[in-house]
Amino acid sequence: MYSGTNGRMAMDRLGGIDWERMRSYRLNRVKESMKKFGIDVLITWDAYSIRYICGGYPTVPCRYSQAQFVVVPVNGDPHAFLTTSFSAAALREEMPWMKNKLWAPPAGLKWCSSVMDLEPHMNKIIPIIKEHGLMEGTVGLDGCTLELLVSSALRAKGVKNVKSAHDMMFDARKIKSEDEIACMRLACDSADAAFYEMKKAIVPGIRECDLVGIGMKKLYELGADETQEFVCCSGPRTNPLHIDYTDRAIAPGDVINIDVNGNSYMGYKSCYYRSFVCGTATPTQNEVFEACRAMLYEGMKGIKAGNTTADITAGWPQSPEYWGETNPLDVAGYALGHGLGLSLHEAPACFKPATVQAGKIETLEEGMVIAVETYTKGVDPKYGKFGVRLEEDVVVTKYGYELLTKWPIDRITECPF
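Given the structure is predicted, the values throughout are model-derived calculations rather than measurements.

Caption draft 1: Fine view of the sheet that holds strand β11 (residues 273-278). Pairing is mixed in the open sheet, where four strands are placed in the order β7-β8-β11-β17. Every other strand in the sheet has two partners, leaving β7 (231-234) and β17 (413-415) as the edge strands with one partner each. Within the sheet, the average angular offset between the axes of one strand and its neighbour, ignoring direction, is 25°. Sheet topology places β7 next to strand β8 (residues 255-259); four bridges connect them, and they run antiparallel.

Rendered as structure tokens:
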């Protein structure tokens, strides 16, 4: 079934996102990675892994306590302990693909301080492991804040082998299906609409926080199920780059860097910078923008299945002196890339120029979705210090990449008033 660009609504006459196919693909990916990493039972408390495995949605306010979790036997169906509704019976009706293997969870991990405190959890987990004959196998823990304590509790119940599984889940989630990519296209489409609403609002006196509110409103109107805080920095706060927002009022001539990051359509994220100017850009602002854009696309030349992340970073400055600094840590965020999916950062892991705190080199594979971002800075004779930040989200293909982020990038976006 086609899941490209027919829109958000399910239709009787046009193909679209096939949710059942997407759920099946994701669970199969998990099982394949479990076998690859030698994990017989996966237990995850990570909100994004939970959603990937079973479609369960731990909402943002409920994530801190880590009460919700999923148990996946390699030879059986996932068992979920969720609180999206306080009625597990209601969730069973709403999530029929879970085959009734869904219950209310015990208290959150964050409130446990001893092996004895974990007894309610073990009373849920151990019967599942025994039912599938896996007590002699290896249990993998993902997103577990109390890994040492949980490992001790499992071993006290007779589990022989316990290890971390976070790398296994990154491996499972790194190749997106056509339905996942369709969700990410729609997330980026929503981000474009948010940029447009914010662009219209950029006039002298508008505050950074006002723009964030305007952008988030548009995202929710278009179906976002959550958004994380945008980056919205303006004027001197763009040099050095600040990745937050304040109530600073924007002035004529200010450059504004906006990142619609953590915008989530059906869980799938955008991470998407563009730069704007309040008024008409000066020659210096255009020059610095072009340097940032050229750097970004020089790195993107290296994106193709079979290449590595080093082929991307080779196109970027290799020394902190390029940005006027001597400490690599002070410029560690100025040219980088990272995987993107249900979470804002996933495989391939964050990669940077070799001399600027580089991550491990990873091979690019068809179906990966990655975000690449660059930064340049300067001093305008009229308006003072400023910086430009740009970012693109792409799908890795056999011959290069598919661009998901479509806001014009040939020049800085001007906002005349």
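Moving on, there is more to tell.
Caption draft 2: A look at the sheet that holds strand β5 (residues 138-142). An order of β4-β3-β2-β1-β5-β6 is seen for the six strands of this open sheet, with the pairing classed as mixed. This sheet does not close on itself; its edge strands, each paired only once, are β4 (102-103) and β6 (161-164). Pairing between β5 and β6: four bridges, direction parallel. Residue pairing for β6: Gly140 is matched across the bridge by Lys163. Of the strands in this sheet, β1 (41-44), β2 (69-73), β3 (79-81) and β5 are in contact with helix α2 (residues 47-54), which crosses β2 at around 50°. Contacting β1, β2, β3 and β5, helix α4 (residues 119-131) runs over the sheet at an angle of about 15° to β2.

Caption draft 3: Structural context of the side chain of Ser275. Topologically, Ser275 is positioned in strand β11. Within the local environment of Ser275, its side chain forms a polar contact with the side chain of Asn257, the two groups lying 2.5 Å apart. For Ser275, the residues in contact, after removing those within four places along its chain, are Ile256, Asn257, Phe289, Val388, Arg389, Leu390, Ile412 and Thr413.

Caption draft 4: Fine view of the packing of helix α1 (residues 19-36) against helix α6 (residues 166-173). Orientation of α1 relative to α6, taken along the N-to-C sense of each, is 135°, at an axis distance of 8 Å. Looking at the two axes, α1 sits oblique to α6. Where α1 crosses over α6, the handedness of that crossing is right-handed. Of α6, the residues touching α1 (which contributes Arg29, Val30, Ser33, Met34 and Lys36) are Met168, Met169, Asp171 and Ala172. In terms of residue class, the contact of α1 with α6 is made up of five nonpolar, one polar and three charged.

Caption draft 5: Quick look at α2. Burial runs high along α2: eight of the eight residues are buried. Along α2, the positions that sit buried rather than exposed are Ala47, Tyr48, Ser49, Ile50, Arg51, Tyr52, Ile53 and Cys54. You can read the cap of α2 off the contacts: a side-chain oxygen lies 3.0 Å from the backbone nitrogen of Tyr48, and it is on Asp46.

Caption draft 6: Expanded view of the state of the cysteines. Throughout the structure, instances matching the rule amount to zero disulfides. Not part of a disulfide, Cys183 finds its nearest cysteine sulfur in Cys188, a span of 12 Å. Given the relative accessible area of 0%, Cys183 is considered buried. Unpaired in this structure, Cys209 has its nearest cysteine sulfur neighbour in Cys232, at a distance of 8.6 Å.

Caption draft 7: Layout of the packing of aromatic side chains. This structure, assessed with the given rule, holds 11 aromatic pairs. Put simply, the rings of Trp45, Phe69, Phe81 and Trp103 touch in pairs and so form one group of aromatic residues. Over the ring of Trp97 we find Arg23; its NZ or CZ atom is 3.6 Å from the centre of that ring. Geometry around Tyr64 places Lys110 over its ring, the cationic atom sitting 3.6 Å from the centre.

Caption draft 8: Here's a closer look at the environment of Lys130. Mapped onto the elements of the fold, Lys130 is located in helix α4. Judged by relative accessible area, Lys130 falls into the exposed class, the value being 53%.

Caption draft 9: Inspection of the nonpolar core at higher detail. Residues Val30, Leu42 and Ile53 are the most contacted members of the largest nonpolar core, which totals 43 residues. Listed by contribution, the elements that provide at least two residues to this core are α1, α2, β2, α3 (88-94), α6, α7 (178-201) and β14 (369-380). No other element matches the seven residues that α7 contributes to this core. Not counting residues up to four positions away in its chain, the partners in contact with Leu42 are Val30, Met34, Ile53, Val70, Val71, Val72, Gly140, Asp142, Ala165, Met168 and Met169. Judged by nonpolar contacts, the second largest core, of 34 residues, contains Met295, Phe351, Leu364 and Leu390.

Rules used throughout
Residues numbered from 1 in each chain as written. Predicted model: local features only at pLDDT ≥ 70, side-chain atom pairs only at ≥ 80, totals over all residues. Heavy atoms only, no water. Pairing = 2+ DSSP bridges. Helix = DSSP H or I, 4+ residues; strand = E, 2+ residues; numbered from the N terminus. Axes fitted to C-alpha atoms, helices over the stretch in contact; angles between N-to-C directions. Contact = heavy atoms within 4.5 Å. Polar contact = N/O pair within 3.5 Å; in protein donor to acceptor, adjacent residues only side chain to side chain. Parallel < 35°, antiparallel > 145°, perpendicular 65-115°, else oblique. Left-handed = near helix turned anticlockwise from the far one by under 90°. Nonpolar A, V, L, I, M, F, W, Y, C, P; charged D, E, K, R; others polar. Buried < 20%, exposed > 50% of the residue type's maximum accessible area, 1.4 Å probe, protein only. Disulfide = S-S within 2.5 Å. Phe/Tyr/Trp six-rings, centres within 6.5 Å; stacked < 30°, edge-to-face > 60°. Lys NZ or Arg CZ within 6 Å of the ring centre and 35° of its normal. Core = buried A, V, L, I, M, F, W, Y, C linked by side-chain atoms within 4.5 Å.

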